[in-house]
Amino acid sequence: MKKKIIFSGIQPTGLLTIGNYIGALSQWKYLQKKYFCIYCIADLHSLTIFQEKNILNKNILDILSVCLACGINPKQSIIFIQSHVPQHSQLHWILNCFTNFGEIKRMTQFKEKIHLNKNVNVGLFNYPILMASDILLYQTNKIPVGKDQIQHIELTRDIAYRFNNIYGNIFTIPEKRLNNYGSCVMSLLDPKKKMSKSDYNNNNIISLFDDDFIIKQKINNAVTDSDYPPNIKYDLKNKPGISNMLIILSNITGHSIKNLEQNFKNKNYKDFKKSVIQNLCLFLNKLRKKYFFYRTNKILLKDIITTGATKAKKYASLTLKKVYDAIGLDSL
Ligand code: TRP
């Protein structure tokens, strides 16, 4: 049987956190076992905020190297850079014309952003339609995303239904695939809010590039609770700090949360944190080694993205041709 298609994207902005690893990249790696995976570095999406040329270039290669270090296998999956495949922009325009103004105005992420910054560009408004183009170009079946992207996936489905209703079965209707804990990796000092790479307080996050000393400091300062006797138990509501560290530890060691709870029965928070620190340092040191291997090998990176773009174009152009034919463009 043909493998189902997975598509997801990540923006090349800033350094990633352990939350990005657990929420996205570790899942991306795992999904390769079962699905045909297509992963996109969404550089066009990142232009909704002004990007300095050299920094953008650097960020793209950084993220690509992180993806490879995290186990995305370019021989098995497709990894490519969005702007290298012009079909994304071409389909974007067409889908713009099949999306209602009101639908986009209702997107909560847009409403939140416009609230923070009055000076927004039209790209930010159109952003979810570019996302729909990314997804629909590859006849995607499933999209691994965090909770904050659900509304965009719903919009993508609505656009696909609408288009198919008029023109027949052009697009596969995609479904979201939520990860178990992913969107729940929380800030270290305020475990009720999401760990975010754009957090103004660096002590809230573990960056994939924090060294051993910094990791130790940050975990030692991470919020726990004052339960007595100390209780290392997964309980998001009443013990968000401990639960958060259990999620992190479980993901980087591969031990289930149940197992970890058992192992740390009757242990205190200091011992627990010590283990989180040890494992995080081990894990991140290994990851960084792989990262530097790729990041310093420009020829290899160039080869990977050229091959990625070629493969992506093959699929994207098939869908775009179907769309053009259906609409009546390109008929001569
Ligand atoms: N907008 C997504 C984010 O910021 C990234 C993205 C771009 C994406 N295109 C996509 C995610 C398509 C899923 C599918 O996280």
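Everything numeric in this text was worked out from a predicted model, so none of it was measured. Starting afresh in each chain, residues are numbered from 1 along the sequence in its written order. For a predicted model such as this one, the threshold for reporting local features is a pLDDT of at least 70, and the threshold for listing and counting side-chain atom pairs is 80 or more; totals across whole chains, interfaces and linings nevertheless cover every residue. Just so you know, side-chain values use all the structure's heavy atoms and leave hydrogens and water out.

Summarise a positive patch on the surface; cite the residues concerned and give the values.
On the surface, Lys29, Lys33, Lys286 and Lys290 cluster together to form a positively charged patch. Turning to its location among the elements, Lys286 is positioned in helix 12 (residues 269-295). A patch consists of residues exposed above 30% relative accessible area that lack any salt bridge, with like charges linked at up to 9 Å and nonpolar side chains (Val, Leu, Ile, Met, Phe, Trp, Tyr) linked at up to 5 Å. We get accessible surface area from the Shrake-Rupley algorithm with a probe of 1.4 Å; when it comes to residues, only the shown protein chains can shield them. Whenever a carboxyl oxygen of Asp or Glu lies within 4 Å of a side-chain nitrogen of Lys or Arg, that contact is scored as a salt bridge. The charged-residue count follows a simple rule in which Lys and Arg add positive charge and Asp and Glu add negative charge, with His and chain termini not counted at all. Taken as the charge centre is NZ of Lys, CZ of Arg, CG of Asp or CD of Glu, depending on the residue. Only DSSP runs of H or I covering at least 4 residues are called helices, and only runs of E covering at least 2 are called strands; the numbering of each starts at the N terminus.

Requested: an account of the nonpolar core, with residues and values cited.
Counting 61 residues, the largest nonpolar core has Ile18, Ile219, Phe272, Leu280 and Leu284 as its most contacted members. The greatest single-element share of this core, amounting to 11 residues, is contributed by helix 12. Domain limits in this description derive from either an automatic procedure or a database domain assignment. For this core, the two domains that each supply at least three residues are domain 1 (5-178 + 298-327) and domain 2 (202-292). The next biggest cluster of nonpolar side chains, apart from the first, holds 39 residues, and it includes Cys40, Met107, Phe110 and Ala160. By nonpolar core is meant a set of buried Ala, Val, Leu, Ile, Met, Phe, Trp, Tyr and Cys residues that side-chain atoms within 4.5 Å join together. Note on classification: 1.4 Å probe, protein chains only; a residue is buried when its accessible area is under 20% of the maximum for its type, exposed when over 50%, partly exposed between these limits.

I'd like to hear about the environment of Tyr315, residue by residue, with values.
Locating Tyr315 in the fold gives a position in helix 13 (residues 298-327). Separated by 311 residues in sequence, Tyr315 and Lys4 have C-alpha atoms that sit 14 Å apart. The contact partners of Tyr315, leaving out residues within four places of it in the chain, are Phe36, Ile78, Leu137 and Tyr138. Contacts between residues were defined by any pair of non-hydrogen atoms, one from each residue, lying within 4.5 Å.

Run through the site of the ligand, naming residues and quoting values.
Residues in contact with the ligand amount to 13 residues; listed here are only the nearest, Gln11, His45, Tyr127, Met131 and Asp134. Coverage of the ligand by the protein chains reaches 87% of its 360 Å² of free accessible surface. Listing elements by their share of the shell around the ligand, those giving two or more residues are strand 1 (5-10), helix 7 (122-137) and strand 4 (142-145). For the shell around the ligand, the leading source of residues is helix 7, giving 4 residues. Residues that form the shell around the ligand fall into these classes: 7 nonpolar, 5 polar and 1 charged. When at least one non-hydrogen atom of a residue lies within 4 Å of a molecule or strand, that residue is treated as near it. Nonpolar residues are Ala, Val, Leu, Ile, Met, Phe, Trp, Tyr, Cys and Pro. Charged residues are Asp, Glu, Lys and Arg, and all others, Gly as well, are polar.

Let's hear about the domain arrangement of the protein: which residues, and what values?
You can read the domains of the protein as domain 1 (5-178 + 298-327) and domain 2 (202-292). The C-alpha centroid of domain 2 is placed 31 Å from the C-alpha centroid of domain 1. Contacts between the two partners involve 12 residues from domain 1 and, on the opposite side, 15 residues from domain 2. As a working definition, buried area equals the accessible area (1.4 Å probe) given up by two parts on being put together, with both sides summed. Between domain 1 and domain 2 the total buried area reaches about 1,200 Å² when both faces are included, carbon and sulfur atoms providing 78% of it. The three residues of domain 1 that bury the most area against domain 2 are Ile18, Ile22 and Ala69, which together make up 45% of that side's buried surface. Across the domain 1-domain 2 interface, the total number found is 0 salt bridges. Any N or O atom pair separated by 3.5 Å or less is treated as a polar contact, with the protein-specific requirement of one donor-capable and one acceptor-capable atom, and with residues adjacent in sequence counted only for side-chain atom pairs. Linking domain 1 with domain 2 are 3 residue pairs in polar contact (both at pLDDT 80 or more). Classifying every residue of the side of domain 1 that touches domain 2 by side-chain character gives 8 nonpolar, 3 polar and 1 charged.

Got a sec to walk through the pattern of salt bridges? Specific residues and values, please.
Within this structure, the stated rule accounts for 11 salt bridges. Residues Lys142 and Glu175 are paired through a salt bridge, measuring 3.7 Å at the closest nitrogen-oxygen approach. One end of the pair, Lys142, is in strand 4; the other, Glu175, is in strand 5 (residues 175-178), and 33 residues separate them in sequence. The class of Lys142 is partly exposed, set by a relative accessible area of 22%. Note that Lys218 and Asp210 form a salt bridge whose closest N and O atoms lie 2.7 Å from each other. Taken individually, Lys218 and Asp210 each receive the classification buried, so the pair is uniform in this respect. Residues joined in a network through salt bridges with shared partners are Lys58, Asp62 and Arg295.

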